[in-house]
Amino acid sequence: MNAHRDIMTGLDATADERGSQKIDHDIVSALLVFGLSIALILCSRFISPALGSWDQVLTVLTLASFLVVLSFGQGLVILIGGLDLSIPALITLGGVLTTNWIGTGDFGVWYLLPVILVVCALVGAVSGVGVVWLKIPPFIMTMATSIVIASAALGYTNGTPRGGSPSALLWLMKERFLGVPVVIYFTIALVLLAWAIQSYTAMGRRLYALGTNREAARIAGVTVNRLELAPYAISAACAGFVGMMLVGYSNGATLRMGDSYMLPSIAAVVIGGSSILGGSGTFIGTVGGAILLTSLGTVISAIGLSAGWRTIIEGAIIVAALLVLRGELVVRLGNRLIAWKR
Amino acid sequence: MSTASDTLTARPLRRRQSPLLRAIVSGTGIVALIYIILYALYAFWQPSALSVFTFTDLVNNSTPLALAAAGETFVVISRGFDLSVAGVVSLTNVVMAVYPLQGAGGALASLLICCVIGGVVGAVNGILVARLGLQTIAATLGTMIVCQGLALVILDAPGGMVADFVTYKLTDTLFGVVPVAGLFLLLVVILWLAFRRTDTGIGLYAIGADEQSARFSGVAASRVRIFAFIAAGMLYGVAGFMLSAQTATGNPTAGTPFLMLTFAAVALGGTSLSGGRGSLIGSILGAGTLMLLQKVLFSGGVSSFYTGIFQGFVLVLAIVFGNAVGWLLKKEERQ
């Protein structure tokens, strides 16, 4: 547990006082991901002087905040050995309901925003029920939810969502406080809260137990069925909230607004060092993965290559990052770091 | 995916049951039943459904998805997910549209090129997963993105023209009754039936059920896995080839809708997503069912906006039904 705190105190993994030669794989992995993102942003100065500036860092962080929120939910679902494919549909649902029910008039914004989040969480809970009690593979259940919700949103809006953003969301996404966008403070608070929930609460530890070995967790007294619902509901609520953030960011909703977030939400979790099979990984690593992916995207798009080449480079870098961050390699590197410091 | 493995993979040998009963309660049997029921509904609402023309049209529409789902089945049985299907279909579609080769010989050459493209992508996936130890979703996500990028480099906006021979002959019928596209599917099914009896075929199921014990039993696990990815990639290539015959034009994002639909088709066909159990034939029927469902809903007067709601429910119901049947059988056995 000490090692977890080190990330916050000084990015210094060697302060680990357990006296063990082996260093926690998660920590090194998270540090590497953060290091890569920082290096990427610094190096981008060579490409164009406009890059690597404070403003660009803020832009990257603002864009990354969508992915950070999403990948918290996705990460929890992956942690228990599932996969949430309903994220794009729930982003759209959150966005469409926000513009349709509230809109620019700020009608009932203080109770309708939470209501929309609850609606999204309920949809996620339905996926969870299908997975837990109907024994449908998570992959298929969330995909089915996704198809149904996307279709319902299409029918509900007759193909073209109307309405704009409530002013509260515009304030969240556009306003600055002390020169930094409000959303960044908000995301940092959310990250700390989410990190605490995942790593330090009883529920978080039980989720790890569930993801590592379901049967063992059940025997150890974890109410597995009820617990397994939570990640799906949380993930859906996170996606719904990102829908709201996107409404504030672009002042409106579209039916395809969530599509481009499906694969990045999984990629952020995997790059952050979690196993896709569940039971391992930290949220801090995932946050690093989200920031790395976003900064990669902005740097690549600034190079001025055609869309095709940009995509190729992005794919190649994802594979390369995965190869570099592979388990044994990271552990070996971490152990060498310790040995070298001593 | 742990929940699925509890109920689906651990099926003991059932010697007492007749082969017929086993075929009916297997995933393939269930999806075949659903297909027949849907077709009956379709014929009821639209009597022309029984004509050769409508049937050919249906087969033509379903073939690209069916081939892609057939390919995905290899990887899913070996316990993995292959996302590169979307990239390979886009890439081959674009290649077909930008470099059309005329005539029968040209069509054959194009088919070979598509197979080679898919095979190379599959080999890269296989090496990344089996030799370098990446997770299947992660590795194939990377190759999928690279392939989509390559497709954009070759053709940056929808356009191009697929060779006439491919467009006309491959969507036609043979002797006025047999859809040519259907012959492709038949060939794949025959190859599959032969393959699943080979050592590699048995090894495929073995590594999907339990890689560790398969390895101890002498299965060359990583070679079988690489083979599965290559076979899958080649089938995606053929799927892209047949899609080009359908659309007659190129689109750098043509493969994107395939990503979700192939997995839906595979699951609908009764293949366990946690590996070790399933059939390519079921996946082909699953793909056919998804496409047929759209037609049925349209002929039944349902607004196309709401098609997805029905697709989602059919998907869930098919799996719940399969689970329930499996559970009942298990219970019966215990008694």
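Residues numbered from 1 in each chain as written. Chains lettered and ligands numbered in written order. Predicted model: local features only at pLDDT ≥ 70, side-chain atom pairs only at ≥ 80, totals over all residues.

Caption draft 1: Highlighting the overall build of chain A. Tallying secondary structure elements over chain A gives 15 helices and two strands in all. Buried residues in chain A amount to 52% of all 342 residues. Expressed as a percentage of contacts within chain A between residues at least 6 apart in sequence, the contacts between residues at least 24 apart total 75%. (Helix = DSSP H or I, 4+ residues; strand = E, 2+ residues; numbered from the N terminus. Buried ≥ 20, exposed ≤ 12 C-beta atoms within 10 Å, placed from the backbone. Contact = placed C-beta atoms within 7 Å.)

Caption draft 2: How the structure looks around the overall build of chain B. Looking only at helices and strands, chain B features 15 helices and two strands. Considering only C-alpha atoms, chain B reaches an extent of 60 × 55 × 35 Å along its principal axes. Buried positions account for 55% of the 335 residues belonging to chain B. Long-range contacts, defined as pairs at least 24 residues apart, comprise 81% of the intrachain contacts of chain B with a sequence gap of at least 6.

Caption draft 3: Layout of the packing of helix α9 (residues 202–212) of chain A against helix α11 (residues 224–250) of chain A. All names here are of chain A. Relative to each other, α9 and α11 sit at 105 degrees, their axes nearing to 10 Å. One way to sum up the angle between α9 and α11 is to call them roughly perpendicular. Taken together, the residues of α11 that come into contact with α9 (itself represented by Arg206, Leu207 and Leu210) are Val224, Leu227, Glu228 and Pro231. A per-class count over the contact of α9 with α11 returns five nonpolar, no polar and two charged. (Axes fitted to C-alpha atoms, helices over the stretch in contact; angles between N-to-C directions. Parallel < 35°, antiparallel > 145°, perpendicular 65-115°, else oblique. Nonpolar A, V, L, I, M, F, W, Y, C, P; charged D, E, K, R; others polar.)

Caption draft 4: Layout of the interface of chain A and chain B. Each partner contributes residues to the interface: chain A has 41 residues there, and chain B has 43 residues. Listing elements by their share of the side of chain A that touches chain B, those giving two or more residues are α5 (109–132), α6 (138–157), α12 (262–271) and α14 (307–324) of chain A. Considering every element that reaches the side of chain A that touches chain B, the biggest residue donor is α6 of chain A, with 14 residues. Class assignment of the residues belonging to the side of chain A that touches chain B gives a composition of 28 nonpolar, nine polar and four charged.

Caption draft 5: A look at helix α8 (residues 182–200) of chain A. Residue and element names in this part refer to chain A. For α8, built from 19 residues, the straight-helix expectation of 27 Å at 1.5 Å per residue is met to within 8% by its first-to-last C-alpha distance of 27 Å. Among all positions of α8, only Val183, Thr187, Ala194, Trp195 and Gln198 are buried. All buried residues of α8 project into a common sector of 105 degrees when viewed along the axis, lining one side. For α8, the exposed residues lying more than 90 degrees away from the buried face are Ala189, Leu193, Ala196 and Tyr200. On its buried face, α8 is in contact with α3 (54–79), α7 (167–174), β2 (180–181), α9 and α13 (283–303). (Expected span 1.5 Å × (residues − 1). Arc of directions from axis to C-beta.)

Caption draft 6: Quick look at the confidence of the model for chain A. Residue and element names in this part refer to chain A. Averaged over every residue, the pLDDT of chain A is 80; the share at 70 or more is 86%. Within chain A, the lowest mean pLDDT, 42, falls on helix α1 (residues 2–10), and the highest, 90, falls on α11. Counting interchain partners and residues more than four positions distant, the pLDDT-below-50 stretch residues 1–22 has 29 contacts. (pLDDT = per-residue confidence, 0-100.)

Caption draft 7: Fine view of the packing of α7 of chain A against α11 of chain A. All names here are of chain A. Taken N-terminus to C-terminus, the directions of α7 and α11 make an angle of 80 degrees; their axes are 8 Å apart at the nearest point. Overall, the two elements α7 and α11 adopt an arrangement that is roughly perpendicular. The segment α7 lies against α11, with Leu169, Leu170, Leu172 and Met173 engaging Met244, Met245, Val247, Gly248 and Tyr249. Within the contact of α7 with α11, the residues separate by chemical class into eight nonpolar, one polar and no charged.

Caption draft 8: Seen up close, the environment of Ala302 of chain A. Locating Ala302 of chain A in the fold gives a position in helix α13. Distance from Ala302 of chain A to Ser44 of chain A, taken between C-alpha atoms, is 9.0 Å for residues 258 residues apart in sequence.

Caption draft 9: Representation of the confidence of the model for chain B in the model. Residue and element names in this part refer to chain B. Here chain B averages 83 in pLDDT, and 91% of its residues register 70 or above. Across residues 1–14, confidence stays below pLDDT 50; counting only partners more than four residues off in sequence or on other chains, it has 30 contacts. On the interface metric, ipTM, the complex scores 0.74, and its pTM is 0.78.

Caption draft 10: Examining unusual backbone geometry more closely. Notably, Asn251 of chain A is not glycine yet its phi reads approximately 50 degrees, a positive angle. Within the secondary structure layout, Asn251 of chain A lies in the loop between α11 and α12. Of note in this structure, Ala248 of chain B is not a glycine but carries a positive phi near 65 degrees. With respect to the helices, strands and loops of the structure, Ala248 of chain B is situated in the loop between α12 (221–247) and α13 (258–268).

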